[in-house]
Amino acid sequence: MAKKPKSLTPKELRYTCDVGCIPFKTTDDAPALEGPLGQERALQSIDFGLKMRGPGFNLFTVGMPGSGRSSTVTTMVKEKALSEEVPLDWAYVYNFENARSPVALSFPPGQGRVFVRQIKELIDRLKIDIPAALEDREFENTRNHFLEQMSRENAIEFEEFQQLARQQNYSFEKVESEFAFIPLKDGVRLKQEAFNELPEEERSLYSETLRQLQKRFMDISRVTGKRDTETRKQLEKITREQVQKTAEPLIELLMADYPDNGKVQRHLELLLGDMVDNFPQFLPAHADQNPFGGGEPAPLEQPFSRYQVNLIVDMMAQEGAPVVEENHPSFQNIIGRMEYAFQSGVAITGYEQIQPGALHLANGGYLILDALEVLRSPFAWEALKNSLMSGQIKIEDMGEQYKMFAAITLKPEPIPLSVKIILIGSPLIYHQLLAHEDDFKKLFKVKAEFGSTMKRTDDAVRDYSIFIASLCHEEDLLPFDLSAMGAVIEQGVRMAEDQSRLTTSFYQVGDLVRESSFWAGEEKASTVSRPHVTRAIKERKQRYNMVEERIGELIEEGTLMVQTKGQVVGQVNGLSVYTMGDYRFGKPTRITAKVFLGKSGMVNIEREVKLSGSIHNKGVLIVSSYLAMRYAQDFPLGLSSSVTFEQTYDEVDGDSATAAELIALTSALAEVPAFQNIAITGSMDQHGRIQPIGGVNEKIEGFFASCRDHGLDGDEGVVIPKANMKNLMLSNEVVEAVEQGMFNIYTAETIDQAIEILTGTSAGARGKNGKFPKGTFNRKVEDRLRKMAEKMAEQTKRSNGGGSEKPGDR
């Protein structure tokens, strides 16, 4: 018989917070929180990344949600940005040389809005000044002089022609809206009847004369038409000169405000030329025609739209460098877009419809993006990557690129880009990008990694309590006393699954603080104390553990057959963790093993039916390797066996049941029953060392609940890897049961120690003779395997008709 194992003490099962290191009695007396908690490595990396200048020194902030990664990096970026210069304003204007490629203009911070106002005032001024200039008396006299001269010369030509026609017996006069030749006889107009009665010869003479006069009239018309054209050109010239003389001083005055901005100067020069060329748009809208000659007809709608300025980045109210957090980083939200209107089924746009993206708004500053959201949005990652690599923001039309619809689109001039990108994502996303995106390491050279836990020192406990106090102050929660703060800190240790560490998932800790304050309020308490925190934890569990309770009921009813009493050969209670999204719990699972003659070795039933994960398969292979190494030193294994998780219908994965599987298998081989009131969890290596596992608290509490439901008698317990002692943070109910001697927690470092606890039989170690002592568990296993090998050898002999050779004779 093995020695009775020693259970862990209640103090070893749970960390209890020493509130003596908290320098205040309630959160009302706490000082302000200074900076984030427990992320010194990440803070140093962020500080370096924000200060480091150079291509590709963008940041990727790595951490799990709730670790404070977003709030911390945002706070640090905003603090850094306040000390930096405000970047340029940016605007798009009409390109008078290529209408499909709007021009990008930059201005000192706040000057863009001034330029918009100046252009508007210029147009408003010219709407008054240009019509007034064209009505100027001196200009009208000059214009009238040209018109009168033209009329006079045309009149002389017309009068001379009339005289010529009369001399040749024709009257040339205007009838209604047309000119007509009327024959004369002795100076009197001939009617048609009288003309028809003339002799044929005389009528022919009239006809010939008419042809000559018409030819002459055509020549005169060409002369007067040419004269009219030249006059209108003169009128157009003097009108343009008058318009330019009116507008140019105002444009030059505006240009004087931007002496060092060559692109603005060039734009204003082209603007002046376009205003002169299209001056009729400045004339009153009700004018039916242009009396001044030249120019294009005034547009009916928005005549001055191409003179407007589309200010897409306005830094007038900005303090320091901009910090932009884009929560929906789509393709267009990152690089900007052009808005469209449909006309006759065709999408049309203009430079004034260009809308900025996050890169425009963050240019010269910082852009914070969620990496997962960027990767989820089609083409967003490529747009971001291309912008960083090219150093410019190029607004592209996705509809045109992928032929989504017929469109008349633009190609705006790219804007130079100078921005620091901060991506926030999980470790998985970071490593996936690193592995599959060649340009990632060139563009994001700084990694700031947030840990999920922090060391539990006295300073950390004090800072944790200050965090609780800060949350209470910010959200007007009830104050926490020392006992309540200690309870929250203890829960932080449980969430970290390590007695020496605290979780940095502050959103979960914050929710516990809020819920504790709520329940204290429900009880009309003025201060939150430990019972309120305990209730908050219990109430939260109640909201999420319906499946856990139902499985417990099935075990209690016997539908899920789990024994917690007696002994059974080849059967061990293993422990599993069920994860239901945001809640996890542990429950026992029967692991059974059967052995028989054969050569197939150990059969993993879950694997055979494709319900076994790769890690579980590895664990089963380790069990097979351990069997051969431990027992079959001088004979071959003549063994077939099967191991299974009874009543499991989903995939089994993980190696935390390796020790349980081995004990179930060796129990069947040794024909030594295993205690059903003791469960075991732990993986193992090929040397038989028991290794730590995850979810140890949930597993212990799950088996405890099953034993409690069947009735505790003080013999129940759980065997865990000794290396998991530091992870223990068990519920008060379990700790109290251990303290009362009604439940036990055992530790094991080797599989032999676990065998002794679960079977009550000495495992036995090989002596100097290389054999296990008689009556020990390992001797029984080895003897059984040897007999099975001998039987297999005999069968082989009979089958082959050869000689006999016992295992171990060589």
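Because the structure is predicted, anything quoted here is derived from the model rather than measured.

1. Comments concerning the packing of aromatic side chains
By convention here, two paired aromatic rings are described through the distance between centres and the angle between planes. This model, assessed by the stated rule, comprises 28 aromatic pairs. Between Y170 and Y206 the ring centres are 5.9 Å apart and the planes differ by 75 degrees, which places this aromatic pair in the edge-to-face class. Pair noted here: Y170 is in strand β4 (residues 170-175) and Y206 is in helix α6 (residues 200-255), with a separation of 36 residues, a long-range link. Note on accessibility: Y170 and Y206 belong to one class, buried. Through a chain of ring-to-ring contacts, three or more aromatic side chains come together here, namely Y94, F96, F282, F304, Y307 and Y351.

2. Side note on unusual backbone geometry
Although it is not a glycine, F379 adopts a positive phi angle of roughly 70 degrees. Here F379 lies in the loop between α10 (371-376) and α11 (380-390). Backbone geometry at Q647 places phi at a positive 55 degrees, although glycine is not the residue there. As for its placement among the helices and strands, Q647 is situated in the loop between β25 (639-645) and α22 (658-670). Residue classification places Q647 among the partly exposed positions, given a relative accessible area of 25%.

3. A look at the sheet that holds strand β13 (residues 366-370)
Taking strand neighbours across the sheet as the criterion, the five strands line up as β8-β13-β17-β1-β18 in an open arrangement whose pairing is parallel. Here the strands that pair on one side only, and so sit at the sheet edges, are β8 (323-326) and β18 (446-449). When strand polarity is set aside, the average angle formed by the axes of neighbouring strands in this sheet is 20 degrees. Direction of pairing for strand β1 (residues 59-62) relative to β18: parallel, over a ladder of four bridges. Each bridged residue has a counterpart across the sheet, and for T61 the counterpart in β18 is A448. Together, β1, β8, β13 and β17 (420-425) form the strand contacts of helix α2 (residues 69-82), whose direction differs from that of β17 by roughly 165 degrees.

4. Here we look at the packing of α6 against helix α7 (residues 262-277)
Close contact between α6 and α7 brings their axes to 9 Å; oriented N to C, the two are set at 160 degrees. When the axes of α6 and α7 are compared, the pair comes out roughly antiparallel. As for how α6 packs across α7, the hand of that crossing is right-handed. Contact residues: α6 offers R240, V243, Q244, A247, E248, I251, L254 and M255, while α7 offers Q265, L268, E269, L271, L272, M275, V276 and D277. Across the contact of α6 with α7, the residue classes break down as 10 nonpolar, two polar and four charged.

5. Thoughts on helix α23 (residues 696-710)
When the terminal C-alpha atoms of α23 are compared, their 22 Å separation across 15 residues agrees well with the 21 Å that a helix rising 1.5 Å per residue should span. Extensive coverage of α23 is indicated by the burial of 12 of its 15 residues. Immediately beyond the C-terminal end of α23, within one or two residues, lies G711, with a positive phi of roughly 105 degrees.

6. Here's the deal with the packing of helix α15 (residues 458-474) against helix α16 (residues 482-496)
The geometry of α15 relative to α16 is characterised by a closest axis approach of 10 Å and an angle of 115 degrees between their N-to-C directions. With respect to their mutual orientation, α15 and α16 come out roughly perpendicular. You can see that α15 and α16 cross each other, and the crossing is right-handed. Counting all contacts with α15, which are made through V461, Y464, S465 and I468, the residues of α16 involved are M485, V488, I489 and G492. Of the residues in the contact of α15 with α16, the class split is six nonpolar, two polar and no charged.

7. A few points about the pattern of salt bridges
If you walk through the whole model with that rule in mind, you get 51 salt bridges. Among the ionic pairs, D277 bridges to R240, the shortest N-O distance being 2.6 Å. You can see D277 sitting in helix α7 and its partner R240 sitting in helix α6, a full 37 residues away along the chain. In this structure, E449 engages K447 in a salt bridge whose closest nitrogen and oxygen atoms are separated by 3.2 Å. Owing to a relative accessible area of 34%, E449 belongs among the partly exposed residues under this scheme. Residue K447 is classed as partly exposed on the basis of its relative accessible area, which comes to 30%.

Cut-offs used in this document
- Residues numbered from 1 in each chain as written.
- Predicted model: local features only at pLDDT ≥ 70, side-chain atom pairs only at ≥ 80, totals over all residues.
- Heavy atoms only, no water.
- Phe/Tyr/Trp six-rings, centres within 6.5 Å; stacked < 30°, edge-to-face > 60°.
- Helix = DSSP H or I, 4+ residues; strand = E, 2+ residues; numbered from the N terminus.
- Buried < 20%, exposed > 50% of the residue type's maximum accessible area, 1.4 Å probe, protein only.
- Pairing = 2+ DSSP bridges.
- Axes fitted to C-alpha atoms, helices over the stretch in contact; angles between N-to-C directions.
- Contact = heavy atoms within 4.5 Å.
- Parallel < 35°, antiparallel > 145°, perpendicular 65-115°, else oblique.
- Left-handed = near helix turned anticlockwise from the far one by under 90°.
- Nonpolar A, V, L, I, M, F, W, Y, C, P; charged D, E, K, R; others polar.
- Expected span 1.5 Å × (residues − 1).
- Salt bridge = Lys/Arg side-chain N within 4 Å of Asp/Glu carboxyl O.

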